[in-house]
Amino acid sequence: MRLRAVNHFDGQPPEFKLCKKYPSEDPVSAPIANIYLTAQEYAALSCLPGRLLRKRRHQLAYADRTFGVDVFEGALAGLVLCEAEAASAEAVRAIEFPSWASREVTGEA
């Protein structure tokens, strides 16, 4: 489970979410559920123990598709992940990723 605070840099108010990824035999199509929280609910849950992760998400247009590019900070500084979504697992596998996206990591722990 992930507790997320999403800060927008275009003037939109922050979003707070509790996300759960469910196990799946195919990591490309694992179900995800998000519960949107108030700032007060986020503050209450943020007191629970857990590992802190910070990243900046950028949008990148490439080959008629928009990719999310996550640039990690702190202990994971230097890690950059590129992701895309599609309507089916087969469609995800058919996506042409940018050449600098050097390997598939979806199934890695």
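Bear in mind the structure is a predicted one, so any value in this text is a computation, not a measurement.

Participant: I'd like a rundown of the packing of aromatic side chains, residues and numbers included.
Facilitator: Under the defined criterion, the tally for this structure stands at 3 aromatic pairs. Through a chain of ring-to-ring contacts, three or more aromatic side chains come together here, namely Tyr 62, Phe 67 and Phe 97. Geometry around Tyr 22 places Lys 20 over its ring, the cationic atom sitting 5.0 Å from the centre.

Participant: Tell me about the sheet that holds strand 1 (residues 2-6), and please be specific about residues and values.
Facilitator: What the 3 strands build is an open sheet, ordered 1-2-3; its pairing is antiparallel. A single partner strand is all that each edge strand has here, and the edge strands are strand 1 and strand 3 (32-37). Each neighbouring strand pair of the sheet contributes to a mean axis angle of 25°, computed without reference to strand direction. In this structure, strand 2 (residues 15-21) lies alongside strand 3, joined through 6 bridges in antiparallel fashion. Residue pairing in the sheet places Phe 16 in a bridge with Leu 37 of strand 3.

Participant: I'd like a rundown of the environment of His 8, residues and numbers included.
Facilitator: Here His 8 shows up in the loop between strand 1 and strand 2. Under the relative-accessibility criterion, His 8 is labelled partly exposed at 25%. The spacing of His 8 and Arg 57 is 49 residues in sequence and 9.8 Å in space, taken between C-alpha atoms. For His 8, the contacting residues outside a window of four places in its chain are Pro 13 and Glu 15. Within the structure, the side chain of His 8 is placed 2.7 Å from the side chain of Glu 15, a separation counted as a polar contact.

What counts as what
Residues numbered from 1 in each chain as written. Predicted model: local features only at pLDDT ≥ 70, side-chain atom pairs only at ≥ 80, totals over all residues. Heavy atoms only, no water. Phe/Tyr/Trp six-rings, centres within 6.5 Å; stacked < 30°, edge-to-face > 60°. Lys NZ or Arg CZ within 6 Å of the ring centre and 35° of its normal. Pairing = 2+ DSSP bridges. Helix = DSSP H or I, 4+ residues; strand = E, 2+ residues; numbered from the N terminus. Axes fitted to C-alpha atoms, helices over the stretch in contact; angles between N-to-C directions. Buried < 20%, exposed > 50% of the residue type's maximum accessible area, 1.4 Å probe, protein only. Contact = heavy atoms within 4.5 Å. Polar contact = N/O pair within 3.5 Å; in protein donor to acceptor, adjacent residues only side chain to side chain.

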